[in-house]
Amino acid sequence: MILRSRKRRAVGLWNAIFLLSSLMAGTHAAPNSKLTSLFSDRGGSSTVNSMSSNTPMRVAYQGEPGAYSEKATRELLGSKVTAIGRPSFEDCFRAVASMECDYACLPIENSLGGSIHENYDLMLRYDLTIVGEHEFRVHHCLLAKPGVKREDIKYAISHPQALAQCDNFLRGLDISPIPTYDTAGSAKMISEGTKLPGKCTPENTAAIASDLAGTTYGLNCLDKGIEDDDTNFTRFLLLARKGVVEFLNKQIPSKTSVVFTLHNTAGALYKALACFSLRDIDCSKIESRPTSASLLNFLKFRSQQQGRKSRNKADLPRFRYCFYLDFLASELDENTQNALSHLREQADFIRILGSYPTKSRLVGPVKAAAEETANMVIDPKDFSLATLPSDLAGTKPLNIGIVGFGTFGQFLSKRMSQKHRVACIDKVDKSKDAQTLGIEYYPLFDMGEFLEKSDIIIVAVPMIDFEDVILTLPADRLRGKLVVEVCPLSAHPKSVLLRHFGPEVDILSTHPMFGPTSKEDPYSSPSWDGRPLVYEKVRIMDARRCDDFLSIFEDARCQLVEMTAEQHDASTADAEFVTHLTGRLLDRQLLPATPVSSKEYAALCDVADMTSGDSFDLFFGMFKFNDRAKEHLNKMRDNLARVERQLAAKEGKFVLIAP
């Protein structure tokens, strides 16, 4: 059985640290990673169960079979690699991160069309590393069905960019261009004779695509090299889970790609580039890229991972830019190390995207895997794959039941009901709230029917009520179901579930470290993008169902961190309690509105706003189930008393010296 857990992004110890360090500074325990793959792991990350490497390289590319990306992949790695077309660039990143593919070969810039910005952003979101590059010469071909002559062609279909690059050729033959979604997809439409636009038929229409597309779909090449400009090159990057910098030496021409952000001060970029120019390091490309709000949040987490203080969100400018820089040197060169150390002193955030050989060279495990694949005897029909196992998972909607339809239960249901059937039950009549959100509401006396129609039960109640609520759930009606707790502290709910439910009930412990805010402000977003979800698969028999549930958060681009409930509480319990305690002490009478405020004052307002929307029962649960909560209260009280004494002493001193 192929588990969907391969689709889960492998988030290791460092990711757990950077996600949780936003709540608490200090030492963090390593997550208990249980990620298992049924595939070999040539791309880098170690797995629990890896197959031997006697299978061809699996490389993801974006597009239909026969796309230019597939041709570039085969030029770089050899004709026998298993090329797997994916519908989007992000699907390619996911396929590698989840270990379903070894590598991804993706375009990053075109000499005529410029940069592909989406892939720059995705390199930040996913922890993949550049291990190679390939400059691919784009040769456009005019493809038609067998028997069709060039003079029969009235229409040409292809991607808009390809049509624009062949404009003079088409005008010379009086052929009308008609844009479609893809170059290889256009060849596929002509071959199958379906989905052709307008007046197009297989007999009067040609596709502009690669010669590989013609071979793939059985089309004749009526003309080759029909592009107007012979300087049409696309630069592709080869991405993997582990880098190859240790295999580079001074005899191998190398390139390093970095991304960084700078403070908005005069000459900041000039000083950043000086880090390289002063050391005679040749920069081959620089580009600025505006960041989205979610990317800013992600950058803050990444910055905290590297031990740098994040700027207060109230102090963030509305327009913030990332700078992508390529320079011609290895990351391990002494000059490069000095330049990067110098740059870190100036940058808010810096990440090395990869250090790799230039000009289509391969090194290390990439070269070894390519050579091994080239020597294999492989059936040509296995050179390409149309689907991955994860494509077949998660197609059916889940039946989710939420016990406790308070603020947080409603917050979860709003997202989950977009693709799944969601029902709720509560001791208070929540029928109006449920109707507003399009959720089916059950009163308590319908508990049996509620459980019967739900495969996944989310218990979204305050921690102080958690055990009492669990006792009201009939254990015999929960056999074969998945019970999920979403409390801010996980050890207590986990122990309650294990104590009251037998092995026939699956248990998942989670903490979505985000939730509804008390109000909308320029820095808050209803998006789950970049938000952390900490989880532990306490006891799981139906792995597919569990992974499909976690995919709700993954598809919303949450950062998933797997660690035990005990490790989670050790890392976050104190920080959560102190944060909520501080927020409850800061009411609006102590924080009046002001037209001018410092970033420190804005930070206090943020804490008050984030905690004011939570119930006191939630706060009391943090107190009751945290052994150090009373110690923190006493410490807070002692600190306040000390400040009062200091103020009194200073005030008395001034009274004594007054005239």
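Before reading further, recall that the structure is shown in the block above.
Residues numbered from 1 in each chain as written. Predicted model: local features only at pLDDT ≥ 70, side-chain atom pairs only at ≥ 80, totals over all residues. Heavy atoms only, no water.

**Student:** Could you give an account of the sheet that holds strand E8 (residues 176-179), naming the residues involved and the relevant values?
**Tutor:** One open sheet holds the five strands; their spatial order is E8-E7-E9-E6-E10, and the pairing between them is mixed. At either end of the open sheet lies a strand with only one pairing partner, and these are E8 and strand E10 (220-224). Looking at each pair of strands side by side, their axes are set apart by 30 degrees on average, direction ignored. Note: strand E7 (residues 155-158) against E8, four bridges, orientation parallel. Residue pairing in the sheet places Tyr155 in a bridge with Ser176 of E8. Across the sheet, helix H7 (residues 183-192) touches strand E6 (141-144), E7 and strand E9 (205-209), and the angle it forms with E9 is around 150 degrees. (Pairing = 2+ DSSP bridges. Helix = DSSP H or I, 4+ residues; strand = E, 2+ residues; numbered from the N terminus. Axes fitted to C-alpha atoms, helices over the stretch in contact; angles between N-to-C directions. Contact = heavy atoms within 4.5 Å.)

**Student:** Account for the side chain of Arg137, with residues named and values stated.
**Tutor:** Inspection of the secondary structure puts Arg137 in strand E5 (residues 129-137). Judged by its relative accessible area of 19%, Arg137 is buried. Within polar-contact distance, the side chain of Arg137 engages the side chain of Glu227 at 3.2 Å. A polar atom in the side chain of Arg137 sits 3.2 Å from the backbone oxygen of Asp230. Residue contacts for Arg137: discarding those within four places in its chain leaves Glu227, Asp230, Asn232 and Phe233. (Buried < 20%, exposed > 50% of the residue type's maximum accessible area, 1.4 Å probe, protein only. Polar contact = N/O pair within 3.5 Å; in protein donor to acceptor, adjacent residues only side chain to side chain.)

**Student:** Which residues make up the sheet that holds strand E12 (residues 254-262), and what values do they have?
**Tutor:** The sheet built from four strands is open, its strands ordered E13-E14-E12-E15 with antiparallel pairing. Of all the strands in the sheet, just strand E13 (283-290) and strand E15 (347-357) have a single pairing partner and so form its edges. For this sheet, the mean angle separating the axes of adjacent strands, direction not counted, is 15 degrees. In the sheet, E12 pairs with strand E14 (residues 321-327) via five bridges, with the strands oriented antiparallel. Counterpart to Phe260 in the pairing with E14 is Phe323. Those strands touched by helix H4 (residues 117-125) are E12, E13, E14 and E15, and its axis lies near 85 degrees from that of E13.

**Student:** Give me the lowdown on the environment of Glu151, citing residues and values where you can.
**Tutor:** With respect to the secondary-structure elements, Glu151 resides in the loop between E6 and E7. Classification of Glu151 by relative accessible area gives exposed; the value is 63%.

**Student:** Please give an account of helix H9 (residues 268-277) that cites residues and values.
**Tutor:** Three or more residues of H9 are buried, namely Ala268, Ala272, Ala274, Cys275 and Phe276. Against E12, E13, E14 and helix H11 (334-346) lie the buried residues of H9.

**Student:** Describe the pattern of salt bridges, with residues and values.
**Tutor:** The full count for this structure, using the stated rule, is 27 salt bridges. We note a salt bridge from Asp223 to Arg150, for which the minimum N-O separation is 2.5 Å. Residue Asp223 is found in strand E10, and its partner Arg150 is found in the loop between E6 and E7; the two are separated by 73 residues along the sequence. Assessed through its relative accessible area of 22%, Asp223 is described here as partly exposed. Across the pair Lys453 and Glu449 runs a salt bridge whose closest N-O atoms are separated by 3.1 Å. Members of the salt-bridge network, linked through shared partners, are Glu109, Glu133, Arg235, Lys255, Lys285, Glu287 and Asp326. (Salt bridge = Lys/Arg side-chain N within 4 Å of Asp/Glu carboxyl O.)

**Student:** I'd like a description of the environment of Val363, backed by residues and values.
**Tutor:** Mapping Val363 onto the fold places it in the loop between E15 and helix H12 (364-374). Residue Val363 is classed as buried on the basis of its relative accessible area of 8%. Residues in contact with Val363, not counting those within four places in the same chain, are Val244, Phe247, Leu248, Ile252 and Pro357.

**Student:** Give me the lowdown on unusual backbone geometry, citing residues and values where you can.
**Tutor:** Within the chain, Met99 stands out as a residue other than glycine whose phi angle is a positive 70 degrees. Tracing the backbone shows Met99 in the loop between helix H3 (89-97) and strand E3 (103-110). According to the relative accessible area criterion, Met99 is buried, its value standing at 2%. Phi at Ser360 takes a positive value of approximately 70 degrees, unusual for a residue other than glycine. Examined against the element boundaries, Ser360 turns out to sit in the loop between E15 and H12. The exposure class of Ser360 is partly exposed, given its relative accessible area of 27%.

**Student:** How would you explain the pairing of strand E23 (residues 532-539) if you had to name every residue and give the values?
**Tutor:** When you tally the buried positions in E23, you get eight out of eight residues, the bulk of the element. With six bridges joining them, strand E22 (residues 506-512) and E23 adopt antiparallel strand pairing. Counted as the bridge partner of Ser509 is Glu536 from E23. Sheet analysis places E23 next to strand E24 (residues 559-562), joined by four bridges and oriented parallel. Across the sheet, the residue bridging to Tyr535 is Glu562, located in E24. Handedness of the crossover is the feature at issue here: the chain leaves E23, passes through helix H18 (residues 543-555), returns alongside E24, and the resulting connection is right-handed. (Right-handed = clockwise from strand over helix to strand, strands pointing away.)

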